[in-house]
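# Geometric and topological summary
Letter by letter, the chains look like this.
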Amino acid sequence: MKNDILNADVLKEKLKNIEIHYYSSIDSTNTQAKRLFNQGSKRRMLIVSDEQTAGRGRQGKSFFSPKSTGIYMSYVYHPMKDFKSAVSATTAASVAVCRAIENITPLRPEIKWVNDIYLNGKKICGILCEAITDNETKKISCVIIGIGVNIKTADFPQGIENASSLNADIKRADLIAEITKELSAVADSDFSEFIDYYKEQSMIIGKEIVFTKNGVSQNARAVEIENDGGLRVELENKEIITLRSGEISVRKRN
């Protein structure tokens, strides 16, 4: 889209009551969010960069973040209540991204458990949630939700498979603002208010999958998303188990 201007002034016009930090280039918005928090920033924050030189994904993977072709953002908030499970923040973020895309485009994205957003069978968005815990109280001080969406990224490096872009005629600032508004909404709501939507957007329920846990891969069938965001699967021996964030990766079986 022409006039796809992205800077602090444009974002501040669209978003109120949130501390905004914009960078033309940075290593990682999540890493910068941690720096700002450690320097004393305690309000809700939005960190946005036009590119990332060391974008991070889950399980130590990198996130390709070329200049001006996507949105790279981190939303920082301070939860007033404990999470039901480790997947809660990621589940909420997935819902926020999908709703935001649906709000400003005619597209209907899907969620590949636990945190990847897909469109037409290809990944267009990755989410990395990180929590900072108070050393004394052992409670979560803040949650950092990192989101990267490919808007018009076309040339992906070798090794990045099944990736694509939104390819919608939208301004990046508009999508960032919409995602931020949806993040604020889900952050202030009960888990029960958005888990049904998360289930509806799932692209793997009823499908044959392969999951990897502790370095061991197993075939299974995705049965359902539980009410706390866990993924219930049926193993080949008919045993039913529930998968949790941080332990596994899931992909459709070829």
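Refer to the structure above for everything that follows.
Throughout, a residue's number is its position along its own chain's written sequence, starting from 1. This being a predicted model, a pLDDT of at least 70 is required before a residue's local features are given, and a value of 80 or more before pairs of side-chain atoms are given or counted; all residues contribute to the totals for chains, interfaces and linings. As a convention, hydrogens and water are excluded, and side-chain values are obtained from all of the structure's heavy atoms.

## A word on the overall build of the protein chain
Per the convention used, a helix needs a DSSP run of H or I reaching at least four residues, while a strand needs a run of E reaching at least two, with both numbered from the N terminus. Within the protein chain, the secondary structure is distributed over five helices and twelve strands. Radius of gyration: over C-alpha atoms. The globule rule applied is 2.2 Å multiplied by the number of residues raised to the 0.38 power. In terms of C-alpha radius of gyration, the protein chain reaches 18 Å, essentially the compact-globule figure of 18 Å for 254 residues. Remark: exposure states derive from per-residue accessible area (1.4 Å probe, protein chains only) relative to the maximum for the residue type, with buried under 20%, exposed over 50%, and partly exposed in between. With 254 residues in all, the protein chain has 51% of them scored as buried. Contacts are assigned to residue pairs with any non-hydrogen atoms lying within 4.5 Å of each other. Of the contacts formed within the protein chain by residues at least 6 apart in sequence, a portion of 64% connects residues at least 24 apart. Under the convention used here, a 1.4 Å probe and the Shrake-Rupley method define accessible areas, while residue burial counts only the protein chains that appear. For the protein chain, the exposed area adds up to about 12300 Å²; of that, 44% sits on carbon and sulfur atoms. Counting rule applied: Lys, Arg positive; Asp, Glu negative; His and chain ends not counted. In plain terms, the charge of a residue is placed at NZ if it is Lys, CZ if Arg, CG if Asp and CD if Glu. Looking at the protein chain, you have 36 positive and 33 negative side-chain charges, and the mean spots of the two groups are 2 Å apart.

## Here we look at the sheet that holds strand 6 (residues 122–133)
One key point about sheets: their strands pair by backbone hydrogen bonds, in either a parallel or an antiparallel sense. Only strands joined by at least two bridges in the DSSP assignment are considered to pair. Read across the open sheet, the seven strands follow the order 1-2-3-7-6-5-4; overall the sheet is mixed. In this open sheet, the two strands that pair with only one neighbour each are strand 1 (19–23) and strand 4 (110–112). With strand direction ignored, the average angle separating the axes of adjacent strands in the sheet is 20°. For strand 4 and strand 5 (residues 116–119), the ladder comprises three bridges, and the chain directions are antiparallel. Paired with Glu110 across the strands is Tyr118, a residue of strand 5. Its contacts with the sheet put helix 3 (residues 88–104) on strand 4, strand 5, strand 6 and strand 7 (140–150), and the angle it makes with strand 6 is roughly 140°. Where helices are involved, their axes are fitted lines through C-alpha atoms of the stretch in contact, as for all axes, and angles between N-to-C directions lie from 0 to 180°. Strand contacts of helix 4 (residues 172–187): strand 2 (45–49), strand 3 (70–77) and strand 7, with the helix running at about 25° to strand 3, the strand carrying the most contacts.

## Topic: the pairing of strand 9 (residues 216–225)
Of the strand pairs in this sheet, strand 8 (residues 208–213) and strand 9 are connected by six bridges, and their pairing is antiparallel. If you follow Glu208 over to strand 9, its bridge partner there is Arg221. Of the pairings in the sheet, the one linking strand 9 to strand 10 (residues 231–235) comprises five bridges and is antiparallel in character. Across the sheet, residue Arg221 finds its bridge partner in strand 10, namely Glu234.

## Some remarks on the pattern of salt bridges
Every case where a carboxyl oxygen of Asp or Glu lies within 4 Å of a side-chain nitrogen of Lys or Arg is listed as a salt bridge. If you walk through the whole model with that rule in mind, you get 14 salt bridges. Of the charged contacts in the structure, one is a salt bridge between Arg108 and Glu102, with a shortest N-O distance of 3.3 Å. By sharing partners, the salt bridges in this structure join Glu224, Glu226, Asp228, Arg232 and Arg244 into a single network.

## Quick word on the packing of aromatic side chains
Pairing of aromatic side chains here covers Phe, Tyr and the six-membered ring of Trp, requires ring centres within 6.5 Å, and sorts the geometry by plane angle: under 30 degrees stacked, over 60 edge-to-face, intermediate tilted. Tallying each qualifying case throughout the model produces three aromatic pairs. A ring pair is formed by Phe191 and Phe194, whose centres lie 5.1 Å apart and whose planes are at 75°; its orientation type is edge-to-face. The buried category is assigned to Phe191, whose relative accessible area is 8%. Given a relative accessible area of 3%, Phe194 falls into the buried group. Our definition puts a charge over a ring when NZ of Lys or CZ of Arg is within 6 Å of the ring centre and also within 35 degrees of the ring normal. For Lys42, the ring lying beneath its charged end belongs to Phe37, and the centroid distance is 3.7 Å. Across the ring face of Tyr197, the terminal group of Arg99 is positioned such that the distance to the ring centre comes to 4.8 Å.

Don't take any of this as a statement about function, it's just geometry.
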